[in-house]
Protein chains: 2
Amino acid sequence: MPKQTFFNLTEDKKSRILDAAIAELGSKPFEKVSVAEIIEKADIPRGSFYQYFEDLKDLYRYVLQVTGEEKMCYMQHVMGQMADWDVFKIIRELYLAGLKFAAENPRLAAVGNYYFREDLSLKLEIFPDMEDRGREFFEAILAKGRERGEIDPDVDIPMASFILYNLTYDITDYFFGKTGVSDGLLSHQEDYLKLADKMLYIIEVGLRNRKKEPSRD
Amino acid sequence: MPKQTFFNLTEDKKSRILDAAIAELGSKPFEKVSVAEIIEKADIPRGSFYQYFEDLKDLYRYVLQVTGEEKMCYMQHVMGQMADWDVFKIIRELYLAGLKFAAENPRLAAVGNYYFREDLSLKLEIFPDMEDRGREFFEAILAKGRERGEIDPDVDIPMASFILYNLTYDITDYFFGKTGVSDGLLSHQEDYLKLADKMLYIIEVGLRNRKKEPSRD
DNA sequence: TTATTGTATGACACCAGTGTCACATTGTCA
DNA sequence: TGACAATGTGACACTGGTGTCATACAATAA
């Protein structure tokens with residue numbers, strides 16, 4: 001956690017620092033990000049940085065937390081009303097909301113994507129406790145879907161949620177091209193929503209309980 | 001490419017160096033690997049290292065090439081006879097062969113897996129030309145499958161090969177746990193072959209041409 | 001033996017980064 | 001005004017890495 005000193009700062013200064021950090025942490029793996037770059041971009045002296053944060057990891061953790069909350073907040077409206085939907089509709093809406101979030105907040109999404117690809121040892125250093133909440137989330141959804149008979153009972157739930165969880169990030173990479181934040185990600189919104197749909201369709205057909213539901217053809 | 005000096009070395013020394021490099025490059029992302037560690041493990045002086053290689057990247061490139069060839073060689077027998085197989089059998093055999101290779105050569109596989117997760121900018125620095133041969137490979141296979149009517153014509157081939165390609169690495173991570181090379185990967189051979197099968201089954205059902213093939217239920 | 005060529009070696013200059021510390025500045029309250 | 005607390009600041013010591021270079025050694029050909 002940042003020190004109290006940081007929270008006492010003016011909004012302007014705080015957001016300058018956050019902006020700089022997000023820009024750096026969303027443009028390269030953590031190992032390559034340096035305090036030097038961030039303070040230069042934020043235009044604060046080195047000493048101050050250490051007045052605000054324990055070290056870079058402290059800031060990283062904070063940025064991740066903030067961007068994570070932002071995303072959760074964004075997805076709230078989807079999560080709110082999904083209780084009675086078909087599993088596949090839930091998954092689809094989650095994907096689309098996630099992609100839309102990435103499109104509208106490419107810089108934040110980039111931070112998350114880089115984090116996801118980090119070394120496990122680093123991840124654990126940043127968040128020693130919680131890990132793979134995303135996968136657990138999908139697991140819960142799929143489990144419920146199975147209870148309702150919407151999912152083929154032969155499907156291995158942990159495996160399927162693993163696939164879905166990983167593909168979330170894979171597909172974002174696919175669009176981001178990982179060439180640095182986004183060269184007009186928004187402009188291709190149509191394209192990638194369509195593509196995500198195609199992808200999910202493949203998975204859906206693979207997971208659906210064909211003994212109960214009629215097949216789509 | 002390593003310098004001639006390296007190739008003139010005794011087999012023993014060469015393999016000591018290669019072993020050390022593989023151990024390091026398969027245990028952490030490239031940014032964290034240092035010449036210091038490798039020369040210590042290989043027990044050669046610093047000066048010698050630079051007598052053999054331009055720098056760490058030079059060695060990395062070489063290791064990647066060697067391990068890649070090793071894998072290709074291993075998969076040769078699968079690739080040789082797959083011409084007349086059903087696409088899904090081809091994919092399945094490729095996956096199984098890949099996983100078996102990883103099980104039998106966990107250290108080599110680990111190097112490849114870390115490489116796959118590297119930053120695009122680093123990848124391009126290592127291999128400026130060839131990139132994503134793996135994806136192209138899947139693409140060719142799927143394209144052929146479609147020609148033969150085995151694959152749903154609505155399936156987006158680049159997207160599907162993207163999924164298959166990425167899952168190759170995802171699934172290896174899933175078993176390796178990325179906790180460092182392998183805690184008895186071989187002992188779970190049964191488990192993971194079974195699990196890979198389940199995964200492929202999901203994908204297969206999703207891709208198969210249901211207008212032509214009877215559904216499996 | 002003596003050049004010559006190829007190899008081995010580790011001290012070293014250099015660099016990029018970190019975290020700290022003594023000192024400067026500002027604000028507030030008695 | 002003075003004094004105390006909070007904050008700002010950048011020079012600096014330190015660390016862990018890189019790539020080089022002068023020098024030592026070995027093998028071989030003249």
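Residues numbered from 1 in each chain as written. Chains lettered and ligands numbered in written order. Predicted model: local features only at pLDDT ≥ 70, side-chain atom pairs only at ≥ 80, totals over all residues. Heavy atoms only, no water.

**Structural notes on the overall build of chain A**
Each helix and strand counted, chain A has 11 helices and zero strands in total. The order of α-helices and β-strands along chain A, N terminus first, is α-α-α-α-α-α-α-α-α-α-α. Looking at chain A residue by residue over its 217 residues, the buried ones come to 51%. Taking the intrachain contacts of chain A between residues at least 6 apart in sequence as the baseline, contacts between residues at least 24 apart amount to 71%. (Helix = DSSP H or I, 4+ residues; strand = E, 2+ residues; numbered from the N terminus. Buried < 20%, exposed > 50% of the residue type's maximum accessible area, 1.4 Å probe, protein only. Contact = heavy atoms within 4.5 Å.)

**What to know about the protein's contact with DNA strand D**
Taken together, 15 residues form the shell around DNA strand D, and within it A:N8, A:G47, A:Y52, B:R46 and B:Y50 come nearest. The sugar and phosphate moieties of DNA strand D supply 63% of its atoms located within 4 Å of the protein. A:G47 is positioned with one of its backbone polar atoms (N or O) 3.3 Å from a base nitrogen of DNA strand D. Take B:R46: an N or O atom from its side chain is 3.0 Å from a base nitrogen of DNA strand D. Going through the elements one at a time, α1 (4–8) and α4 (46–52) of chain A together with α3 (35–42) and α4 (46–52) of chain B are the ones with two or more residues in the surface near DNA strand D. A per-class count over the surface near DNA strand D returns six nonpolar, six polar and three charged. (Near = heavy atom within 4 Å. Polar contact = N/O pair within 3.5 Å; in protein donor to acceptor, adjacent residues only side chain to side chain. Nonpolar A, V, L, I, M, F, W, Y, C, P; charged D, E, K, R; others polar.)

**Observations regarding the pattern of salt bridges**
Applying the stated criterion across every chain yields a total of 37 salt bridges over all chains. Between B:E204 and B:R208 there is a salt bridge, with its nearest N and O atoms 2.4 Å apart. Each member of the pair, B:E204 as well as B:R208, is classed as buried. Taken together, the shared-partner salt bridges connect A:E24, A:K28, A:E37 and A:K41 into one network. (Salt bridge = Lys/Arg side-chain N within 4 Å of Asp/Glu carboxyl O.)

**So, the interface of chain B and chain A**
With 36 residues of chain B at the contact, the number on the chain A side is 36 residues. Between chain B and chain A, roughly 3,300 Å² of surface is buried when both sides are summed, and carbon and sulfur atoms account for 67% of that area. Considering only the side of chain B, the residues that lose the most area to chain A are B:M159, B:Y174 and B:I202, jointly responsible for 19% of the buried surface there. Counting across the interface, chain B meets chain A through six salt bridges. The partner of A:D156 in a salt bridge is B:K198, and the shortest N-O contact between them spans 3.4 Å. For the pair chain B and chain A, the number of links is six residue pairs in polar contact (both at pLDDT 80 or more). A per-element tally of the side of chain B that touches chain A places helix α10 (residues 157–176) of chain B first, with 10 residues. (Buried area = accessible area lost by both parts, 1.4 Å probe.)

**Quick word on the confidence of the model for chain A**
All names here are of chain A. Across chain A, the average pLDDT comes to 89, with 90% of residues at 70 or higher. Here helix α11 (residues 189–207) stands out as the least confident element of chain A, with mean pLDDT 86; α4 is the most confident, with 98. Note that pLDDT drops below 50 for residues 213–217; the model gives that stretch five contacts with residues more than four away or on any other chain. (pLDDT = per-residue confidence, 0-100.)

**Description of the packing of helix α6 (residues 87–104) of chain A against helix α9 (residues 133–147) of chain A**
The angle between the axes and the distance between the axes are what describe a pair of packed helices. Residue and element names in this part refer to chain A. Viewed as axis vectors pointing N to C, α6 and α9 meet at an angle of 155°, and their least axial separation amounts to 9 Å. Regarding the angle of α6 to α9, the classification is roughly antiparallel. Residue-level contacts link V87, I90, I91, L94 and Y95 of α6 to F137, F138, I141, L142 and G145 of α9. In terms of residue class, the contact of α6 with α9 is built from nine nonpolar, one polar and no charged. (Axes fitted to C-alpha atoms, helices over the stretch in contact; angles between N-to-C directions. Parallel < 35°, antiparallel > 145°, perpendicular 65-115°, else oblique.)

**Some points on the protein's contact with DNA strand C**
The environment of DNA strand C is made up of 14 residues, and the closest members are A:R46, A:Y50, B:N8, B:G47 and B:Y52. Take the atoms of DNA strand C that sit within 4 Å of the protein: sugar and phosphate atoms are 63% of them. Contacts to DNA strand C include A:V35, whose backbone N or O atom sits 3.1 Å from a phosphate oxygen. A:R46 has a polar side-chain atom sitting 2.9 Å from a base nitrogen of DNA strand C. Of all the secondary structure elements, the ones that give two or more residues to the surface near DNA strand C are α3 (35–42) and α4 of chain A together with α1 (4–8) and α4 of chain B. Per-element tally for the surface near DNA strand C: the top contributor is α4(B), with four residues.

**With respect to the packing of aromatic side chains**
For the structure shown, the criterion picks out 32 aromatic pairs over all chains. Ring geometry for B:F30 and B:Y60: centres 4.7 Å apart, planes at 10°, overall stacked. Of this pair, B:F30 sits in the loop between α2 (11–25) and α3 while B:Y60 sits in helix α5 (residues 56–80); the two residues are 30 residues apart in sequence, bridging distant segments of the chain. An identical accessibility class is assigned to B:F30 and B:Y60; each is buried. Members of the aromatic cluster, joined through ring pairs, are A:F6, A:F7, A:F49, A:Y50, A:Y52, A:F53 and A:Y62. A:K123 extends its terminal NZ or CZ atom over the ring of A:Y115, reaching a point 5.8 Å from the ring centre. If you follow B:K123 out to its NZ or CZ, it ends over the ring of B:F116, 4.9 Å from the centre. (Phe/Tyr/Trp six-rings, centres within 6.5 Å; stacked < 30°, edge-to-face > 60°. Lys NZ or Arg CZ within 6 Å of the ring centre and 35° of its normal.)

**Side note on the relation of the copies chain B and chain A**
Relating the two copies of this chain is a rotation about some axis coupled with a shift parallel to it. With an RMSD of 0.1 Å, the fit of chain B onto chain A corresponds to turning through 180° and sliding 0.1 Å along the axis. The transformation just described matches what one would write down for a two-fold rotation axis. Among all residues of chain B, the minimum C-alpha distance to the rotation axis is found for B:G206, at 2.2 Å. Most of the interface of chain B is mirrored in chain A: 100% of its interface residues are interface residues there too. (Least-squares fit on C-alpha atoms with pLDDT ≥ 70 in both.)

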